[in-house]
Every structure is written in C-alpha cells, then in structure tokens.
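Summary of the model geometry
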Amino acid sequence: LSDRLTSTFKNLRSKGRLSESDVNKTVRDIRMALLDADVALPVVKEFTSSVRDRALGAEVSEALNPAQQVVKIVNEELVDILGGQTRTIRFAKSGPTVIMLAGLQGAGKTTLAGKLAYWLKEQGHTPMLVAVDLQRPNAVTQLQVVGERAGVPVYAPEQGNVGGHDAVGPTGEGTRSFGDPVAVSRDGIREAVSKQHDVVIVDTAGRLAVDADLMQQAGDIRAAINPDEVLFVIDAMIGQAAVETAEAFLEGVDFTGVVLSKLDGDARGGAALSVAGVTGRPIMFASTGEGVKDFEVFHPDRMASRILDMGDVLTLIEQAEKAFDRAQAAEMERKFLAAEDFTFDDFLQQMSAIKKMGSLKSMLKMMPGMGQMSAQLDNLDEREFDRVEAMVRSMTPFERNHPKQINGSRRARIAGGSGVTVSEVNQLLERFGEAQKMMKQLARGGGLPGMPGMPG
Ligand code: GDP
Ligand code: MG
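Since the structure is predicted, the reported quantities are computational estimates derived from the model, not experimental observations.

Our next topic: the overall build of the protein chain. Within the protein chain one finds 20 helices and eight strands. At a minimum sequence separation of 6, the contacts of the protein chain that also span at least 24 residues come to 75%.

Our next topic: the nonpolar core. Of all hydrophobic cores here, the largest spans 93 residues; its most connected members are Leu-129, Ile-201, Val-202, Ile-234 and Leu-260. Here this core spans two domains, and each of domain 1 (2–81) and domain 2 (97–298) adds at least three residues to it. Not counting chain neighbours up to four residues away, the residues in contact with Ile-234 comprise Gly-103, Ala-107, Ala-242, Thr-245, Ala-246, Val-258, Leu-260, Ser-261, Ala-271 and Val-275. Ranked by size, the runner-up nonpolar core spans 13 residues in total, among them Phe-344, Met-391, Val-425 and Phe-432.

This part takes up the site of ligand 1. Close to ligand 1 lie 18 residues; Gly-108, Lys-109, Thr-110, Thr-111 and Ser-287 are nearest. Looking at the shell around ligand 1 element by element, the count peaks at three residues for helix H5 (residues 109–122). Per-class residue counts for the shell around ligand 1 are two nonpolar, eleven polar and five charged.

The contact between helix H9 (residues 241–252) and helix H10 (residues 270–279) brings their axes to 9 Å, and the two run at 35 degrees. For the element pair H9 and H10, the recorded crossing hand is right-handed. Residue-level inspection shows Ala-242, Val-243, Ala-246, Glu-247 and Leu-250 of H9 in contact with H10, the latter providing Ala-271, Ser-274, Val-275, Val-278 and Thr-279. Across the contact of H9 with H10, the residue classes break down as seven nonpolar, two polar and one charged.

The UniProt entry lists residues 282–295 under the feature "domain: SRP54-type proteins GTP-binding" (unreviewed entry), expressed in the numbering used here. Between the C-alpha atoms that bound residues 282–295 the distance is 16 Å, and the span itself is 0% helix and 43% strand.

So, about the sheet that holds strand E1 (residues 97–102). Here we have eight strands laid out as an open sheet, ordered E3-E2-E4-E1-E5-E6-E7-E8, and mixed in their pairing. With partners counted over all chains shown, the strands left at the sheet margins are strand E3 (154–155) and strand E8 (295–297), one partner each. Pairing of strand E2 (residues 127–131) with strand E4 (residues 199–203) involves five bridges; the strand directions are parallel. In the sheet register, Ala-131 faces E4, and the bridge partner there is Asp-203. Sheet contacts for helix H8 (residues 212–225): E1, E4 and strand E5 (229–235); angle to E1, the most-contacted strand, approximately 180 degrees.

Burial within E2 is extensive, with five of its five residues counted as buried. Of the two faces of E2, the one lined by Pro-127, Leu-129 and Ala-131 and the one lined by Met-128 and Val-130 are each fully buried. Of the pairings in the sheet, the one linking E2 to E3 comprises two bridges and is parallel in character. For Val-130, the partnering residue across the bridge sits in E3 and is Tyr-155. Where the polypeptide runs from E2 across helix H6 (residues 139–150) and back to E3, its parallel neighbour, the crossover connection is right-handed.

Here the focus is the packing of helix H3 (residues 41–57) against H10. At a minimum axis distance of 9 Å, the contact between H3 and H10 shows a crossing angle of 80 degrees. Judged on the interaxial angle alone, H10 and H3 are roughly perpendicular. In contact with Pro-42, Val-43 and Glu-46 of H3, H10 contributes Leu-273, Ser-274, Gly-277 and Val-278. For the contact of H3 with H10, the residue count by class is four nonpolar, two polar and one charged.

Remember that side chains alternate between the two faces of the sheet whenever the strand is regular. The buried fraction of strand E7 (residues 283–287) is high, at five of five residues. Alignment of strand E6 (residues 257–261) against E7, held across three bridges, turns out to be parallel. Pairing of Leu-260 across the sheet is with Ala-286, part of E7. Two elements, E7 and E8, share three bridges in a ladder whose sense is antiparallel. What sits directly across from Ala-286, in E8, is Glu-296.

This part takes up the environment of Asp-294. Along the chain, Asp-294 turns up in the loop between E7 and E8. Counting along the chain gives 32 residues from Asp-294 to Lys-262, while the straight-line C-alpha distance between them is 9.6 Å. With near-sequence residues (within four places) excluded, Asp-294 lies in contact with Lys-115, Asp-264, Ser-287, Thr-288 and Gly-289.

This brings us to the confidence of the model for the protein chain. Of all residues in the protein chain, 70% attain a pLDDT of 70 or more, and the chain-wide mean is 78. Overall, residues 160–177 carries pLDDT values under 50, and its contacts beyond four positions in sequence, including any with other chains, amount to 21 contacts. Note on residues 446–456: pLDDT under 50 across the span, and 20 contacts to partners over four residues away in sequence or across chains. ipTM for the predicted complex: 0.99, alongside a pTM of 0.64.

What counts, and where the lines are drawn
Residues numbered from 1 in each chain as written. Chains lettered and ligands numbered in written order. Predicted model: local features only at pLDDT ≥ 70, side-chain atom pairs only at ≥ 80, totals over all residues. Helix = DSSP H or I, 4+ residues; strand = E, 2+ residues; numbered from the N terminus. Contact = placed C-beta atoms within 7 Å. Core = buried A, V, L, I, M, F, W, Y, C linked by C-beta atoms within 7 Å. Buried ≥ 20, exposed ≤ 12 C-beta atoms within 10 Å, placed from the backbone. Domains from an automatic or database assignment. Near = placed C-beta within 6 Å. Nonpolar A, V, L, I, M, F, W, Y, C, P; charged D, E, K, R; others polar. Axes fitted to C-alpha atoms, helices over the stretch in contact; angles between N-to-C directions. Left-handed = near helix turned anticlockwise from the far one by under 90°. UniProt positions renumbered as here; feature names shortened; annotations may be inferred. Pairing = 2+ DSSP bridges. Right-handed = clockwise from strand over helix to strand, strands pointing away. Parallel < 35°, antiparallel > 145°, perpendicular 65-115°, else oblique. pLDDT = per-residue confidence, 0-100.

Now the structure itself:
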C-alpha cells in the first residue's frame, strides 16, 4: 500500500497546480492502492469520495502547494476513519473494571490478555485474568502460563471440574464438558471483587470461523458479566475476511473497541482501515509480537502515517504552514526558476524559516527516508548553524548579494565580527559557491532547491 501511495504522491509533487483531472487520477490511484491492500470496498468508496470532494473544494492554504494539500487531506481522512482520537480503557467508576476479550480462535486473545494485564500492572493497577475458554483442553493452561509471565493471578475453574478431554472432537472443538463459561466468568468476577482486583480481564473461547454457537456463548457471557469494555481482537493479517468477521462480532456480541494483533507481520493496515471503517468502533491497541511487552496503545495518526509511509510528513507540512510566508516562498521559487544567483540574504531567510519550524534535527528526522539517518543527525551540531548565521550577519548587504567580491580584508573583518577564524569564513564561502553552482544545475534540470551552505 505504502509503495503505491508514495509513487502517486511523487507524481503529484512535480505538478505546479492541480486540475480536476489531476484530482481524479490521484483519487483513482489511491483507490487502487487501498483495494490492493485488502481494504473493503465500501470503505474505499467512502474514503475516496470524501478525499475527492475535499480536494476539489480546494481549501486554500497559504504555504502548501496543491499536491501537499491533497496529501494533507488524505492523511486527515485516514486518521478520521481510523477513529480520530486515541482512546484507551474506560475504567469503571466503582468496583472492578471488567474487560471481555472476543474474537476468532488464533486471533491473539489469550496472548493479549497477558499483555494488557502487564501494561495495566505497570500503571499501578491490580489486574486478574479469568479463563473462560473451556473448549480446548490446553486453553486454561495457556492462560495460566501467560498470567505467570505477566505476573498476574489467573482465575480458572477447579481442576476437579475440568474433565472431559475425551469429549474433544477431531477439530479441537469439544462439547462443553469443561464447565460452563457463563458460570465461570461470573465466579471469576466475584473472586476479583473479594480479592480487590481493580481490573478483570475475561479471556473467552474462539472458533476457527464465525458460527452461531460461538456468538451465542459470547453474547451470554457478555450479558452475565456486563463488561465495561468488550475488546474485539482481530488478526491484522486476515485481509478481506476482516470485515465479515468484524460485522459478525459487532452484531452477535457488540464490542466497544478493537485490538489489531500481529501488526508485527507485514500487515499494511488494510484490515485496520476496514474494521474501523465498517464498524465505527475505535481501534484501541495494537499487538506486535508474542512477548508480553509487544503491545502498544493505538494512535490513529501514527497508523495513518505508517499507511502513507511518509514519516511525519504531515507534521512537517503543518509546521511549514506556520513558518512560511507565501510571498517569500513565491519569491524564492521565482529566483530559483530564473536561475538567479542565490545570495546570503536568501540564505538568511531560509535559515530563519527553518528556525521558526523548530529544531532542525527533529525536522530532518520527520522527513521521509531520514529515519535511518537518525544516528548521523544526532552527531550534527546545531551550534554550527549559529556560527554560520553569525558570519552571514557580519557581512554587509553588498557582501551578502555579491559573495564572490568578498576579498581577503573583508574576510578578516567578517571573521573578527563573528568571532570565528578566517579559515572558517573561507570554508563557508567555498561551500556557498559550490551550493550556488549546484542550484543552477538543479534549476536547469527542474529539481528542487536544497539548503545551500549547510554544514555537513
Ligand atoms: P487466541 O486463540 O485468540 O487466544 O489466540 P492466541 O493468543 O492463542 O494466539 C494465537 C497465536 O498467535 C499464538 O501462537 C500467539 O503466540 C500468536 N500471536 C498472538 N499475538 C501475536 C502478535 O501480536 N504477533 C505475533 N507475531 N504473534 C502473535
Ligand atoms: Mg485463547
């Protein structure tokens, strides 16, 4: 998904102005990319039509070119479909907060129970797990192992009541001879109250596919324990089946939130978009591995960026929006296209625009593809920029606009005025000359201006 969107936006980036046919083509590309990533058709339709309407409605922005505006709109719509705000557990006002887990077999419920418990415990809660998957002989044991890893107690039916291994059929789905899940979940909550646990996580049974029996059982448990949250756990890798499954659980059990599991695989977010889009329930957590700590609060905005695979480009754009004066940007562009000499005055303007945008390092880190360069960026000394700026400020207006005329005595004066050595001034002028040349070449080739004169 990401690769396709990235190239779509690349095509846009090189355009000066967006026409209706540009918008239509872009929306078509986005539509293909979403369908490729297994996003459900109704979600794709709704998504692309709102992007199209907004892009054509052209909310004019001072600092953004049309392509950036489309990117911004796409991002905002993605965040919206993914639930907008981040939401986590709503705790009960009194008594234990009851969290019920529901989902297909293998979705990752039992694993999640441990992660959630561990996460809550880290925050000072005293969670307890309740084993209500009484269909598979080893399900209770699995939850006990998970509980031990997370360091939280597990309530399970008495061993004596757990029999009936013989009744388990060849598919692993036995008759309910391990005990009654509804009764056990009720008992579990009673136990949690008496032991003063403030959160109870009820791990239920799943089936390989949605069936009436499973829904009935989950619905019965829900009715019996009246949970504060019902979390629907879904394997992010299941693709198109996500929508059907989510709809079945929404109707059969209803849920208050979604947990995407196995996001560590190469799931690209198609399932996330579909489930959130179709059910209108927020995605609350992401499960990202088999370990007890492989668990995250889900942030719609970060997932949207991940889907767009553009780093935090949007944050960057927002900051640029604040910092840039459109007229200034236009002047820069005119000069650039005319291949006029880039002067130290232009340079100062760019420097101050960058400063307004916040720390240069954090800016660069937000740029796509710069993630791997983090380490290098950490070594970059921002004080270096201050020295450069001091030198430029020590130049006269004439010198700033005619860098080639800065002779030896001028260099000595600039060095003295800015508190650096003459050789530092020499280096700056040399780099600046190279940058000017490069910009002229770029202008002829139609590329974009870099940041000339920057150290490193
Ligand atoms: P349940 O049937 O819904 O209780 O699912 P389980 O919790 O038993 O998980 C099924 C399988 O998926 C197990 O092998 C887990 O280790 C694995 N699993 C669960 N969550 C994740 C995850 O986020 N990432 C990965 N890689 N594996 C997971
Ligand atoms: Mg399980």
